[in-house]
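Residue strings, one per chain:
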Amino acid sequence: MTTKEYLSQAYRLDDEINTKLESLERLKSIAEKMTSVNSGMPHGASDPHSKEDVLIKIADMDAEITADIDRLVDMRRDITQTINGIDDQTYRIILYKRYINHDRWEKIAVDMNFDIRWVQILHGRAISALNSHENSL
């Protein structure tokens, strides 16, 4: 795994969590729309689309999302500790904004009062500094 891949893994997991949260909201919406029909007829095999089954799936997905969030918190803490190992404060700020806050280059440039191209150059230097730091451990 490259340094950029390592730093980007929190972003990818965060994106995955958000996608799962959207799916969970859709499932909850469907569950709210479901009505239980009591026809008075005896029921054979369990209906795979029963409200109870949907509620179980919702609970399972909610537990999965909670586990993913726990992993994300641990991952962000690990990445933050890695970034904090760099001596240069400007490099740390750029890496933190990019990989922890998921800021776009334009926002980082405006926040730091730098040209976008200069931020990208500094980012490259920060990655090199991080590689040097990791290799010295």
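Residues numbered from 1 in each chain as written. Predicted model: local features only at pLDDT ≥ 70, side-chain atom pairs only at ≥ 80, totals over all residues. Heavy atoms only, no water.

### Points about the overall build of the protein chain
Under the convention used in this document: Starting at the N terminus, helices and strands are each numbered in turn, a helix being any DSSP run of H or I of at least four residues and a strand any DSSP run of E of at least two. We call a residue buried when its accessible area falls under 20% of the maximum for its residue type, exposed when it is over 50%, and partly exposed in between, using a 1.4 Å probe and counting protein chains only. Contacts were defined at the residue level, with two residues in contact if any of their heavy atoms lie within 4.5 Å. Each accessible area is a Shrake-Rupley estimate made with a 1.4 Å probe; only the visible protein chains count as cover when residues are assessed.
Of the regular secondary structure elements, the protein chain holds five helices and zero strands. Along the protein chain, helices and strands appear, N-terminal first, in the series α-α-α-α-α. The burial tally for the protein chain puts 29% of its 137 residues in the buried class. For the protein chain, the share of sequence-separated contacts (at least 6 apart) that also reach a separation of at least 24 residues comes to 63%. For the protein chain, the accessible surface area stands at approximately 9300 Å², while carbon and sulfur atoms represent 51% of it.

### A short note on the packing of aromatic side chains
Quick reminder of the rule: Side-chain rings of Phe, Tyr and Trp, where Trp is taken by its six-membered ring, are said to pair if the distance between their centres is within 6.5 Å; with planes under 30 degrees apart they count as stacked, over 60 as edge-to-face, and otherwise as tilted. For a lysine, the NZ atom is tested; for an arginine, the CZ atom; a charge sits over a ring if that atom is within 6 Å of the ring centre and within 35 degrees of the ring normal.
Scanning all chains against the criterion turns up zero aromatic pairs. R98 extends its terminal NZ or CZ atom over the ring of W105, reaching a point 4.0 Å from the ring centre.

### Description of the nonpolar core
Definition in use: Working definition of a nonpolar core: buried Ala, Val, Leu, Ile, Met, Phe, Trp, Tyr and Cys residues. They are joined through side-chain atoms within 4.5 Å.
Counting 29 residues, the largest nonpolar core has L7, I79, I83, I94, L95, I108 and V119 as the members making the most contacts within it. Mapped by element, the contributors of at least two residues to this core are helix 1 (3-33), helix 2 (51-84), helix 3 (89-100), helix 4 (105-112) and helix 5 (116-136). Every residue in contact with V119, bar those within four places of it in the chain, is listed here: I94, W105, I108, A109 and F114.

### Considering the packing of helix 1 against helix 2
Filter applied, for reference: The angle between two axes is taken between their N-to-C directions and runs from 0 to 180 degrees, where each axis is a line fitted to C-alpha atoms and a helix contributes only its stretch in contact. Note on angle classes: values under 35 degrees are labelled roughly parallel, values over 145 roughly antiparallel, values of 65 to 115 roughly perpendicular, and the remainder oblique. A clockwise turn of the near helix away from the far one marks a right-handed crossing, whereas an anticlockwise turn of less than a right angle marks a left-handed crossing. For this classification, Asp, Glu, Lys and Arg are treated as charged, while Ala, Val, Leu, Ile, Met, Phe, Trp, Tyr, Cys and Pro are nonpolar and the rest, including Gly, are polar.
Two elements in contact, helix 1 and helix 2, have axes separated by 9 Å at closest approach and are oriented at 160 degrees. Judged by the inter-axis angle, helix 1 sits roughly antiparallel to helix 2. Judged by the sense of rotation from one axis to the other, the crossing of helix 1 with helix 2 is left-handed. Considering only residue class, the contact of helix 1 with helix 2 consists of 19 nonpolar, three polar and eleven charged.

### Here we look at the side chain of K20
Relative to the assigned elements, K20 resides in helix 1. When its relative accessible area of 16% is taken as the criterion, K20 is described as buried. For K20, the contacting residues outside a window of four places in its chain are M61, E64, I65 and D68.

### Observations regarding helix 3
Using the following cut-off: For a helix, the expected span equals 1.5 Å multiplied by the number of residues minus one. Polar contacts, as used here, are pairs of N or O atoms within 3.5 Å; protein pairs need one atom able to donate a hydrogen and one able to accept it. Residues neighboring in sequence count only if both atoms are side-chain atoms.
The end-to-end C-alpha distance of helix 3, which contains twelve residues, comes to 15 Å, matching closely the 16 Å that a straight helix rising 1.5 Å per residue would cover. Those residues of helix 3 lying buried are Y91, I94, L95, K97, Y99 and I100. The N-terminus of helix 3 is capped by D88, whose side-chain oxygen sits 2.9 Å from the backbone nitrogen of T90. H102 sits one or two residues past helix 3 and shows a positive phi near 60 degrees.

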